[in-house]
Amino acid sequence: HVQLVESGGGSVQAGGSLLLSCVASGDTISRYCMGWFRQVPGKEREGVARIDGRDTGRYYADSVKSRFIISRDNAKNTLSLQMTNLNPEDTAMYYCAASDFRIYCGSGRVSDFNVWGQGTQVTVS
């Protein structure tokens with residue numbers, strides 16, 4: 001039973017950067033598709049980026065491509081999201097998620113992910 005805990009959120013000015021981290025415990029995540037999602041109150045949860053097990057592929061929403069980088073360190077059982085050139089539209093609660101039954105992420109829909117962290121708030125002004 002894997003558990004995920006995010007950290008690294010905060011408040012930054014437009015153009016700034018943040019590094020989000022997700023630490024997994026209870027199980028190894030090296031085989032799992034992993035993803036970052038974000039959600040604004042009143043809106044659906046949105047996929048930001050996802051990464052295949054063993055880092056065979058990385059995928060990004062058009063809105064963040066070229067600005068965000070998803071990565072994993074399977075030796076440390078962690079997932080990261082390096083965010084640069086942030087803008088106010090990036091403001092949201094960010095969630096780390098795992099699909100414990102998928103190695104390849106495919107379309108990366110929300111319902112594919114069955115393990116979620118508690119979220120970390122990112123605010124850009």
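What you see is a predicted model, and the numbers here were worked out from it, not measured in a lab.

**Let's talk about the overall build of the protein chain**
Then step 1. Broken down by element type, the protein chain carries zero helices and 11 strands.
Then step 2. Counting from the amino terminus, the protein chain carries its helices and strands in the arrangement β-β-β-β-β-β-β-β-β-β-β.
Then step 3. In terms of C-alpha radius of gyration, the protein chain reaches 13 Å, essentially the compact-globule figure of 14 Å for 125 residues.
Then step 4. If one aligns the C-alpha atoms of the protein chain with their principal axes, the spans along those axes are about 35 × 25 × 25 Å.
Then step 5. Within the protein chain, the fraction of its 125 residues that count as buried is 44%.
Then step 6. Partitioning the intrachain contacts of the protein chain with sequence separation of at least 6 by distance along the chain shows that 59% fall at a separation of at least 24.
Then step 7. The centroid of the 13 positive side-chain charges in the protein chain is displaced by 3 Å from the centroid of its 12 negative side-chain charges.

**Looking at the side chain of Ser 80**
Then step 1. Here Ser 80 lies in strand β8 (residues 78-83).
Then step 2. Of the residues examined, Ser 80 reaches a relative accessible area of 18% and is grouped as buried.
Then step 3. Among all residues touching Ser 80, those that are not within four sequence positions of it are Leu 19, Leu 20, Ser 21, Trp 36, Ile 69, Ile 70 and Ser 71.

**So, the pattern of salt bridges**
When the charged atoms of two side chains lie near each other, side chains of opposite charge can form a pair.
Then step 1. Enumeration over the complete set of coordinates arrives at five salt bridges.
Then step 2. Its salt-bridge partner being Arg 58, residue Asp 55 comes within 2.8 Å of it at the nearest N-O pair.
Then step 3. Since its relative accessible area comes to 37%, Arg 58 is described here as partly exposed.

**Comments concerning the pairing of strand β5 (residues 46-51)**
Then step 1. Bridging between strand β4 (residues 33-39) and β5 involves five bridges; their strand directions are antiparallel. Paired with Arg 38 across the strands is Glu 46, a residue of β5.
Then step 2. Hairpin remark: β4 followed by β5, antiparallel, with six residues in the connecting loop; positive phi at Gly 42, about 85 degrees.
Then step 3. In the sheet, β5 pairs with strand β6 (residues 58-60) via three bridges, with the strands oriented antiparallel. Within β6, the position partnered with Ile 51 by the bridge is Arg 58.
Then step 4. Hairpin geometry of β5 and β6 is characterised by an intervening segment of six residues between the two adjacent antiparallel strands and by a positive phi of about 65 degrees at Arg 54.

Calculation rules
Position numbers for residues start from 1 in each chain and track the written sequence from start to end. Since the coordinates come from a predicted model, pLDDT governs what is reported: local features require at least 70, and pairs of side-chain atoms require 80 or more to be given and counted, while whole-chain, interface and lining totals use all residues. Note that water and hydrogens are dropped before the side-chain values are worked out from all heavy atoms of the structure. Labels follow the DSSP assignment, with helices taken as runs of H or I lasting at least four residues and strands as runs of E lasting at least two, numbered in each case from the N terminus. The reference for a compact globule is 2.2 Å times residues^0.38; the radius of gyration itself is calculated from the C-alpha atoms. Each residue's exposure class comes from its accessible area (1.4 Å probe, protein chains only) as a fraction of the maximum for that residue type: buried when under 20%, exposed when over 50%, partly exposed otherwise. By the convention used here, residues are in contact when the closest approach between their heavy atoms is within 4.5 Å. For this count, His and the chain ends are skipped, Lys and Arg are scored as positive, and Asp and Glu as negative. Taken as the charge centre is NZ of Lys, CZ of Arg, CG of Asp or CD of Glu, depending on the residue. What makes a salt bridge here is a side-chain nitrogen of Lys or Arg within 4 Å of a carboxyl oxygen of Asp or Glu, nothing more. Following DSSP output, two strands are said to pair if at least two bridges run between them.

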